[in-house]
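A structural walkthrough
As a plain string of letters, each chain reads:
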Amino acid sequence: MTSTEKDPTDEKSSKDNTPQNTEENEKLALSEYITNLEARLKLKNEMRNQNLNCIRPPENYFSKLDSGLKKNTTFVKKLKSFSATQIDALLKDFSALNLTKYVSEVAAAIAEAKLKMSDIPAALNLCSALHRTYSEFSTNFFENWQKILTFKATDKITNSSKLRVDIRFYAELVAIGIFANKTGLPLLGNVLTVLINMDKEEHNNIPILLSFCKHCGEDYAGLVPKKIKDAAEKYNITIPRNTFLPAEKQNIVRTLLKDYFISLTKHLLSERTQLQALHAANQRTLHTRGELSQERKDQLEQHQATYDKLLAGAQSFAEVLGEDLGEAGEPPVLSLAVTEAQGTVTIGGNEEFTLQAGADPWQDEDTRTFYTSLPDLKVFMPNYQMKEQTVKNKPETVTEEMLDEDLKEDELSDTEEPSSVPDVEQEESQPANISNKYALDAFLNELPNCINRELIDNAAVDFVLNLSTKNNRKKLTRVLFSVARTRLDLLPFYARFAAILYPVLPDVCAELCQMLKQDFKYHVRKKDQINIESKIKVVRFIGELVKFSMYSKMEALYCLKVLLHDFKHHHIEMACNLLETCGRYLYCNPDTHQRTMIYLQQMMRKKTVSALDSRYVTQIENAFYYVCPPETPAQPKEEEPAMNQFIRKILHEDLQKSNEEKILRLMRKLNWDDPDVSSIAIQHLAGGWRVRASARRALAKLTAELSAWQEAVAPAAVDTILEEIRLTMEDPHPRYNQRRIATVRYLGELYNYKLLDSRDVFTVLYSFITFGVTNDHGNVSPLDPPDNVFRIRLVCALLETCGAYFNSGSSKKRLDYFLVFFQNYYWFKYSDPYWSDENQFPIYVKYIYQECLTSLRPKLTLYTSWQQCKDAIEELRQSLYPELGEDEQGDNDDQGEDNSVNDGLDTIIETDDETDNPQLPDESSDEEPITENAGNEDNEIQADEMTIEPRRPAAKPVEDVEFESAFEKMVMENIAERQRENRPQQRDIAVPMVCRQTTKKTYEQLLKDSHRDVFQQGKEGVEFVLMVRKGTKPQYKSFHAPPELASNLQQQALVDKQEMERVKRLTLNISERQEEEEYSAESGGGSGGSGNPNRGQHVRQKYQHPKGAPDADLIFGPKKFK
C-alpha cells in the first residue's frame, strides 16, 4: 500500500473519533457536576444538623467576655458593611465579645447589609456562629426578614438587585437550619408567589427568579440543568438530591416556576409579532416617502432592544428549568438596513432605465482622498481641548417635518432682501497689533489663489496657528460665503477649507451653512428670473459641503424637493447643478438612497409631462445620467500579442543608459524576417515621444547600433518619424504639442548618430516655416493660425539638439541661409495684428528664439523687424540667383502691379526627383537652395508642357557648369602632380631563404661572427648579396662593398625610421586628445554650442589584434646589413 492510499479501517476510526470524544466530554462534565453537588449537599447537611441540634454555652460563659459598649457598637457597625474579606476578623471579634444585649441590633445589621453574591457563604458561617451561641438570634433575625420580604403584588420593587441577593440569602438560611421549615418556608413561598403573580405581563423580575433558580433551585424545586439531565438519562446515572424539603413541596415550587415560564414565552411571541409589524410598517414608509422619521427609528430600536433582552432571559430560564422555548426561541429575520429596491424611469419614448444603488460615490481614488482624507489640525495644537459649546454646533439630524415648519416660519415675501452677512463687530479699542490686520488681509487676498489641495491645507493650518480670533473668524466666514459667482472652481477648495477647520473652529462651518441655507430660501421664495449665476453658486456650494458631511444630507434633499415642487425656469438649473455636485454621493449613501431615487423618478416624470426647452431637457438628462450612469457592457479588450508587449516593455519602460547592451542583444534576437514583428519593432523604435526624456538618447543610440545588423531599421524609423511630423503639422491642435516636441528632439538625436542626412533635417526645418504659411496677415491659414507660435519652439528644439554640428562646409552655409528665413518667419508671427498691448506676444517664445540663435551663431546680428528680414531675403536672392529675379520681374510686370513683389516664402513643393525643380542647386554645392518658387503661370505652363511633350533633362545652371569645369581641372592637376613625384627606392629586400644559413649557431659562435664582421667591416668592407635574373630564375652573387656605401644606407634607413616614429607619435597624440575631449564633454554634460558628445560613437572601437608574425625589428633591434 502506498503512502497516498488510506486504510478503510483508519477512515472508520477517524469518523468514530468525534462521537467518542463527545461522549467522554459529557461523562466528564456529568461526573464533575455530581461531585460538586455532593460536596455542597454534604456541607449544607452538616451545617443544618449543627444548627438544628446545637448546644449553646452556659450563662457563666458570657461573663468572661467583653460586654463594653464601645467594642460591641463597633462590631455592629462592621456588620452593616459586611464583606467576605472581613469574616476572619469578625469571627475573632465575635469570640471575645458578649453580645447578649446587642443580639437584636446584630440581626438587624446583617439583614440590612448590602451583600454581594460572593459574600453569602461567609455571611452564612457568621450567622451559624451567632445562632449556635445566642438562642434569641434566630427569632430577631426572622423578624427583620419579615419586614424586608413582605410586600404586596401592587408594590413596586425599588431595588431589584438587593432583593435578588436577599432572596438567595434567606433561602440559604432556611436550607442550613437557621430558621425551621415551618417558620421559614411560608415566607419564602409567599415572596416567590408575589413576584411571579405581579410579573406575568411585563416580566421584569426575570433576573430575580433566574438567580433563585440557579443557586437554590436544586434545594427547593429539584432543578437540574437541561444538559446534565439529558446526560444522566442517557448514561443511567442518578443525580443526588437534597432531602430537607419533601418532593411534594418541590413539585409545587417547580409548577409555580413553569407557569411563569409559560407566560414568558407568550410574552416573547407577542413582542416578536409587534417587532415584525413595526419593521414592515417602516419598510412601507421608506418605499413611499423615501425616509423614516426619527421617532419611528427610535421606536424600532427600543422594540428591538426589549425583544433582545426578553429573548436572552427566556433562553436562560429555559436552560435552568430544563425546558424548550420552541417557536418563541427562533429570532425574527429582520434587516434594519434600507432595502435596495429598484425603480424604473422612462427616459424618452419607450426606453426604460433601471435605478440601482451604486457602491462607490467617488469617481477615482484622488477624488476619494480629496473629500475624505483631511489633515488633523489638533496635531498642530497639542494643548487644544474641545470646548463644551462646540458640541452644540454639531449638525443635528433634521427630519422633513422639521424642515417644513422651519420654512413656514422663515417664509419671505417678494420685497424682502436676502439676509446679508453680519458685519464684523467693531472692537472696543484699537488693536494692539496692527500687523495682524494686515496679515489677515493678505491671507484673504491670497485665498482665491489656493487652487490645489496642498495650498488649501496649508492655508487652513496657517489660519488656525496665526489668525484664529473671533473677529477674524467672522471675516473669514464672510469671505467664504461671498466667493465670486464666476469662480465655481473655488467651491470644492473652500468647502475643504471649512471642513478642515470644523474640528477646532466649528463656528465657521456652522455659520457658513446657515448663511447658505438662508440665501437658498431667499432665492426660492423670490421666484425671479435673474441672478442665475448666484443661485448656481449657492446650490453648488451646498453640494460640496454635503460631500464633506458639513451640510446635512436631509437638508440637501429637502432643497431638491423644494426645487422639484416648482420645477421650471431657474429651479431646473438649480436642481440639475445640485444633483451634478452631490447627487451621486446622496444616491450611493444608504441613508439617503431611497429618497434620492424617488426624487429622480419624480424629476424624470416632470420632464416627460412638461413641455420644456431642449436646453432644460439636456440638463435634466445629463444630471440624471451623472447620478445614475447607465450600465454599459464591458467592452472586450483586445489582447495585445505577447511579442508586442515584450518590445514595448523593453524599449519604453526598461531602456536606460545602464542596460543598453542587454536591450540591444534582446532586440537582435527578434525574428526580423517576420513582417509583423519587424513593423512593430520599427514603430516602437520610431516612437521617441513614448519614452522618457532621459531615455530618448539611449533609444537613438540603440537604433543606430541595431542598424549595423539590420540595415532596414534606420530608413524605416526615419521615414516613420518624418511622416509623424507631417501628420501632426496638418492638425495644429495643442494636444499634440508635447508629442511634437519629443518627436523633433528624437529626430535630432538620430541625426547625431548619423542615421539621416543633413538635407533631411533642413527639409524638416523649412517645412516648419513654410508648410501652410501664407506670409500674408490678411490671409489666415488654418494650418498656421496667428495665435499658434508653437512652430518656433519646434525649430528651436531641433536646432538645440543637432544644430551644433552645422558648423562647417555646406551645412554651415545652409544653416546661415535658414536662419535668415527663420528670422523672417519669427517676425512675421510677431508683427501679426493679433498681438496687441492687451494680448502680448508670448515672452517665453521670444526668449527661446533669442537663446537658440545666440547659442548657434554668437556673432550673428539679429534682425529687429519684418522689413529687415524681407530685405535680407531679397538681397540673398539677388546674390545667389540674379537671373531668377529678372525672370520673376518680367512675369510680375505681365501680371500687374498687385503681384509685383513676392516678399514671403511659399510652401515647399516636395518632388520625387531633384531635377523636377530646376531652381534648386545641386546638393554638392556649398550654397543653400532657395525656397522661392516660380509664379503660378509658369507652373501652369510647365505642367502643360510636361503633359504634352516627353520629359527632357533640364539644362544645368551656369554655376553648376563652372563648378564642374573647375573641379575637373583641379583633379587633372592633382593627377599630374602625383605622377611627377619621385617614388622612394626600395632599399631593403628580405634575404632569400637560399642565402640564409640552414644550421643554427650557438651564442659563442654568434659572438665570434659579430667580432669578425666588425673587424672585416673596418678593413675590407661590407658583404652584399647581388640578385640578378638570368632567364626565369634569380641568381645571387656575393661581393664586398666599400664601408662608405653601407654607412650611407644605414644612415638613410635610420632617418626614415625616425620620421615614421614622429608621425606615429603625432597620430597617437591626436587620438588621445580627441578621446580626452569627448570624455570631458560627456562627463560635463556639454553646454551651449558644444553639441552632443555622443555623435558618431554608436560603433564601438574594439581591440584589434595584430595580424601575421610579430615584428622582429621591434623585438631584437634593426637587422645587420651583410
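Structural data are supplied above this passage.
A brief look at the structure comes next. (Residues numbered from 1 in each chain as written. Predicted model: local features only at pLDDT ≥ 70, side-chain atom pairs only at ≥ 80, totals over all residues. Heavy atoms only, no water.)

**Points about the overall build of the chain**
Counting its secondary structure elements, the chain contains 43 helices and four strands. Relative to its 1122 residues, the chain shows a buried fraction of 39%. Only carbon and sulfur atoms are counted for the fraction: they give 51% of the accessible area of the chain, which is about 67100 Å². (Helix = DSSP H or I, 4+ residues; strand = E, 2+ residues; numbered from the N terminus. Buried < 20%, exposed > 50% of the residue type's maximum accessible area, 1.4 Å probe, protein only. Areas by Shrake-Rupley, 256 points an atom, 1.4 Å probe, with all protein chains shown as cover.)

**Remarks on the packing of aromatic side chains**
Two aromatic rings are characterised by how far apart their centres lie and by the angle between their planes. Tallied over the full model, the rule gives 38 aromatic pairs. Seen in terms of ring centroids, Tyr826 and Phe841 are 5.8 Å apart; in terms of plane orientation they differ by 90°. Their pairing is edge-to-face. With a gap of 15 residues between them, Tyr826 in helix H35 (residues 809-830) and Phe841 in the loop between H35 and helix H36 (843-856) connect regions that are remote in the sequence. In this structure, Tyr826 and Phe841 share a single accessibility class: buried. Chaining the aromatic ring pairs together yields one cluster made of Tyr766, Phe818, Phe821, Phe822, Tyr826, Trp827, Tyr830, Tyr834, Trp835, Phe841 and Tyr849. Above the plane of the ring of Trp709 lies Arg668, whose end atom (NZ or CZ) is 4.0 Å from the centre. Seen from the ring of Trp866, Lys870 lies directly overhead, with NZ or CZ sitting 4.3 Å from the centre. (Phe/Tyr/Trp six-rings, centres within 6.5 Å; stacked < 30°, edge-to-face > 60°. Lys NZ or Arg CZ within 6 Å of the ring centre and 35° of its normal.)

**Describing the environment of Arg665**
Locating Arg665 in the fold gives a position in helix H28 (residues 660-668). A relative accessible area of 47% places Arg665 in the partly exposed class. For the pair Arg665 and Leu706, spaced 41 residues apart in sequence, the C-alpha to C-alpha distance is 9.2 Å.

**Notes on a negative patch on the surface**
On the surface, a cluster of negative charge is contributed by Glu1072, Glu1075, Glu1076, Glu1077 and Glu1078. Assignment of secondary structure puts Glu1075 in helix H42 (residues 1043-1084). (Patch = residues over 30% accessible without salt bridge, like charges linked within 9 Å, V, L, I, M, F, W, Y side chains within 5 Å. Salt bridge = Lys/Arg side-chain N within 4 Å of Asp/Glu carboxyl O. Lys, Arg positive; Asp, Glu negative; His and termini not counted. Charge placed at Lys NZ, Arg CZ, Asp CG, Glu CD.)

**A word on the packing of H28 against helix H30 (residues 696-707)**
Running from N to C, H28 and H30 cross one another at 45°; their axes reach a closest spacing of 10 Å. Comparing the axis directions of H28 and H30 gives the class oblique. Here H28 runs over H30; the crossing is right-handed. Across from Glu660, Ile663, Leu664, Met667 and Arg668 in H28, the residues of H30 making contact are Ala698, Lys701, Leu702, Glu705 and Leu706. Residue composition of the contact of H28 with H30, grouped by class: six nonpolar, no polar and four charged. (Axes fitted to C-alpha atoms, helices over the stretch in contact; angles between N-to-C directions. Parallel < 35°, antiparallel > 145°, perpendicular 65-115°, else oblique. Left-handed = near helix turned anticlockwise from the far one by under 90°. Contact = heavy atoms within 4.5 Å. Nonpolar A, V, L, I, M, F, W, Y, C, P; charged D, E, K, R; others polar.)

**So, unusual backbone geometry**
Notably, His203 is not glycine yet its phi reads approximately 60°, a positive angle. Along the chain, the position of His203 falls in the loop between helix H9 (181-197) and helix H10 (206-220). Notably, Asn236 is not glycine yet its phi reads approximately 55°, a positive angle. Its location among the elements puts Asn236 in the loop between helix H11 (226-235) and helix H12 (247-289). Since its relative accessible area comes to 69%, Asn236 is described here as exposed.

**Digging into the packing of H9 against H10**
Their axes nearest at 13 Å, the elements H9 and H10 cross at an angle of 145°. Two packed elements cross with a definite hand, and for H9 against H10 that hand is left-handed. For the pair formed by H9 and H10, the contact residues are Leu185, Leu188, Leu192, Leu195 and Ile196 on the first element and Ile208, Leu209, Phe212 and Tyr220 on the second.

**Some points on the pattern of salt bridges**
Going through the model one piece at a time under the given rule, you end up with 32 salt bridges. Put simply, Asp93 and Lys78 hold a salt bridge, and the shortest N to O gap is 3.4 Å. Within this pair, whereas Asp93 is found in helix H4 (residues 87-96), its partner Lys78 is found in helix H3 (residues 69-80), the two being separated by 15 residues in sequence. By relative accessible area, Lys78 is classed as partly exposed at 35%. The residue Asp784 makes a salt bridge to Lys829 at a minimum N-O spacing of 3.2 Å. In this pair, Asp784 is assigned in the loop between helix H33 (758-770) and helix H34 (790-802) and Lys829 in helix H35, connecting sequence segments 45 residues apart.

**Description of the side chain of Asp784**
On the basis of relative accessibility, which here comes to 6%, the residue Asp784 falls in the buried class. A polar atom in the side chain of Asp784 sits 3.1 Å from the side chain of Tyr825. Setting aside its immediate chain neighbours within four residues, Asp784 contacts Gly772, Val773, Arg791, Tyr825 and Lys829. (Polar contact = N/O pair within 3.5 Å; in protein donor to acceptor, adjacent residues only side chain to side chain.)

**With respect to the environment of Lys227**
Here Lys227 shows up in helix H11. On the basis of relative accessible area, Lys227 is assigned to the exposed category, the value being 64%. In this structure, the C-alpha to C-alpha distance between Lys227 and Glu26, residues 201 residues apart in sequence, is 8.7 Å.

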